Each structure stands twice: as structure tokens, then as C-alpha cells.
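Coordinates in review
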Amino acid sequence: MRIGELAAAVGVTTRTVRHYHHRGLLPEPGRDTNGYRRYTLRHAVALARIRRLTELGLALSEVRDVLAEDAGRDLADVLEELDADLARQEAAVRERRARLRALLDAGLPDEGPVSPGLAALFAGPAAPPSGGSPMAAKDREVLALLDTAAAPADRDRLLAGLHETLGTPRAAAGAREAYALLDDLADAEPDDPRTGRAARVLAGLIPAALLPETEFDHDGAFLRAVYADLAPAQAAAVRGALGILAEERLRRQERQERQEQEQRERYGNSKQLRSDRPGGEGT
């Protein structure tokens, strides 16, 4: 048989046959005096086996192992591994379909596909309004960014904090007020007196769960990008809100340290009183 006849008999292309020769899967046949390859039934049988193995999903490197006469792996072992890999792929596909269904059921926001948790937040009363407020639109975009870039645990903490803090009608009204105040600052100067009120309202809306454990890094890449995307007065209001939150956190830490110190002192005084009594610890 010529190469075209071999390929047609097995149901592959001549290019595939040449590729298998190049990869060492199919042995090179002898050649006629005119230089043409001369294939035999043995080549057709080997080519058919290669085709069956690749259709099962084996990579060509695995096919080579199976076809090796001495050092090859047992075909049953290879197929067991392939079956386990297909099972993992099936599980991954089921998980992806479940996520897609959850997104479709919740409704796709304007920002495109997001996690089911953020999609539910966008569909609820705690969501920044999807239209009318440029600042709310920016907020939704930032939340979609964090939803994608944050680690799963951080994303869950973010969503839980937003639901807890903004899930009431009063909080939703406060968010609308904050967006309106920030929208009004679009053409204002950074020292506009309205920035102070916007900062205070905004600080009252930011969930404690969203605050970093350390100080705010205003020169970090993320906050720099946020400030650059805002008008100067809007950026000043956001900086002011973060400053308010930093001061509140410092006061909480100081208050906690005082309470701990008072507890230590009370414990020490109580211990001293017991030791001063007859039969106490000091006798």
C-alpha cells in the first residue's frame, strides 16, 4: 500500500501518518526502488491501534508507552488513569455548569459574569445602583474587580461584610446619599468643604470587614489606581473617609489596650489582697 491508501483504509489523513512517523509511533516502512514507501498490513494494524487509543483520549506520549514492546506501561493501567482523569474533568464541568446556572438564575449584572455571591448582592437592596450615578457605577466596577482578583476567603469576607453593613433600607439610603455627594464633587476642587461631609458619610458605610489589618497604604498600587480614576475632590473625600476609619481603629485599639491593662491591674490587686489575708498565698 502507498501512504494515501493506508490513510484511507484506517480513516486518517496522510499528514497524520507522517506525524506519527515523526513522533516515533509508527515504524517507517521499506521503500520501493522508486523511493515510495511501501506499507503492509502490519502498518495498518498498528495505525488503527494508534487511532483507537487517541480517540480514547490518550496523549501521544502515552500511546508511545502503550506501544513500546519492553519498557511500556500496561494498557490497563494507562486506561485506568485516563478514566480517573475523565472523572475529574466531568466533576469540573458539573461545577462550572452549576456556577453558570446560578449566574443565569440570579441575572447577569451590567458588569458581566461575577461570582454568585456578588450577583446576589447586585440584585439586592445593598447594591450600588446600576444606573444614574457615575460614582455608583465605578463602585460596582471596583467590586467586580475585587470579586475576580481576591482570594476566595477574602471575597467571602468582603461579601459578608457588605451584606451585613448595607443590607438595611437605612444603609441603602445612606449609600445613595454618599454616591450623590461624591457625584457632586466631580468638578470641585480638593479643598471644597463638601468633601468633609462626603468623607464622613462614606466612612459610616464602609464595613469593618473590608478594612485591612494594617494601616492603609495610600501609595499602594490598588489605591493609587482608585485615586487616579477619581476627580481630585472625590479622591480627597475617599482619602478623608479612610483617615476617619484609621482614627476610629486607633481609638478602638487604645480602648482595648486600656481595658486589658485595667483587667491585669484588677487581677494583680485581687491577687495581692488574697496574699495579705491570714492564711493567704503569702503565708
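None of these values were measured; they are calculated from a predicted model. (Residues numbered from 1 in each chain as written. Predicted model: local features only at pLDDT ≥ 70, side-chain atom pairs only at ≥ 80, totals over all residues. Heavy atoms only, no water.)

**Concerning the overall build of the protein chain**
Per the secondary structure count, the protein chain includes twelve helices and two strands. Ordered by position from N to C terminus, the α and β elements of the protein chain give α-α-β-β-α-α-α-α-α-α-α-α-α-α. The proportion of buried residues among the 283 residues of the protein chain is 30%. Put simply, 55% of the contacts in the protein chain that link residues at least 6 apart link residues at least 24 apart. For the protein chain, the accessible area works out to roughly 18100 Å², and carbon and sulfur atoms hold 52% of it. (Helix = DSSP H or I, 4+ residues; strand = E, 2+ residues; numbered from the N terminus. Buried < 20%, exposed > 50% of the residue type's maximum accessible area, 1.4 Å probe, protein only. Contact = heavy atoms within 4.5 Å. Areas by Shrake-Rupley, 256 points an atom, 1.4 Å probe, with all protein chains shown as cover.)

**Focus: a positive patch on the surface**
Residues Arg251, Arg252, Arg255 and Arg258 make up a contiguous surface patch of positive charge. Counting through the fold element by element, Arg251 comes out in helix 12 (residues 232-276). (Patch = residues over 30% accessible without salt bridge, like charges linked within 9 Å, V, L, I, M, F, W, Y side chains within 5 Å. Salt bridge = Lys/Arg side-chain N within 4 Å of Asp/Glu carboxyl O. Lys, Arg positive; Asp, Glu negative; His and termini not counted. Charge placed at Lys NZ, Arg CZ, Asp CG, Glu CD.)

**What to know about the nonpolar core**
The biggest cluster of nonpolar side chains holds 26 residues, and the ones touching the most others in it are Leu182, Leu185, Ala198, Tyr227, Leu230, Val238 and Leu242. Of all elements in the fold, only helix 7 (134-149), helix 9 (169-184), helix 10 (194-203), helix 11 (221-228) and helix 12 reach the threshold of two or more residues within this core. With seven residues, helix 12 is the largest single contributor of residues to this core. The residues touching Val238, leaving out its near neighbours within four places in the chain, are Leu202, Tyr227 and Leu230. Among the nonpolar cores identified, the runner-up in size contains 19 residues, and Ala7, Val17, Tyr20 and Leu60 belong to it. (Core = buried A, V, L, I, M, F, W, Y, C linked by side-chain atoms within 4.5 Å.)

**Observations regarding the pattern of salt bridges**
Per the stated rule, a full pass over the model turns up seven salt bridges. We note a salt bridge from Lys138 to Asp229, for which the minimum N-O separation is 3.0 Å. Of this pair, Lys138 sits in helix 7 while Asp229 is found in the loop between helix 11 and helix 12, placing the two residues 91 residues apart along the sequence.

**Things to note about helix 3 (residues 41-55)**
In an α-helix, one turn spans 3.6 residues, which is why side chains three or four residues apart end up on the same side. Counted at 1.5 Å a residue, the expected span for helix 3 with its 15 residues is 21 Å, and the 21 Å between its end C-alpha atoms agrees. Buried within helix 3 we find His43, Ala44, Leu47, Ile50 and Leu53. At the C-terminal side of helix 3, Gly57 shows a positive phi close to 110°. (Expected span 1.5 Å × (residues − 1).)

**With respect to a negative patch on the surface**
Among the surface-exposed residues, Asp77, Glu80, Asp83 and Glu90 lie close enough to one another that they form a single negatively charged patch. Structurally, the position occupied by Glu90 is in helix 5 (residues 75-106).

**A few points about the environment of Arg38**
On the secondary structure map, Arg38 appears in strand 2 (residues 37-38). Dropping the residues within four chain positions of it, Arg38 is found in contact with Met1, Arg2, Pro29, Gly30, Arg31 and Asp32.

**Some details on the environment of Thr16**
By secondary structure assignment, the location of Thr16 is in helix 2 (residues 14-22). Of the polar contacts made by the side chain of Thr16, one reaches the side chain of Thr13; its length is 2.9 Å. (Polar contact = N/O pair within 3.5 Å; in protein donor to acceptor, adjacent residues only side chain to side chain.)

**Describing the confidence of the model for the protein chain**
Detailed reading of the predicted coordinates is not advisable wherever pLDDT is low. Per-chain confidence: the protein chain averages 80 in pLDDT, with 81% of residues scoring 70 or above. Per-element confidence in the protein chain is highest for helix 2, whose mean pLDDT is 93, and lowest for helix 6 (residues 116-123), whose mean pLDDT is 75. (pLDDT = per-residue confidence, 0-100.)

**A word on helix 1 (residues 3-10)**
Listing the buried residues of helix 1 in full gives Ile3, Leu6, Ala7 and Val10. Relative to the axis of helix 1, the buried residues are bounded by an arc of 95° and lie together on one face. Turned more than 90 degrees away from the buried face of helix 1 sit Ala8 and Ala9, all of them exposed. Buried residues belonging to helix 1 abut helix 2, strand 2 and helix 3. In the stretch just after helix 1, Gly11 is the one whose phi turns positive, near 90°. (Arc of directions from axis to C-beta.)

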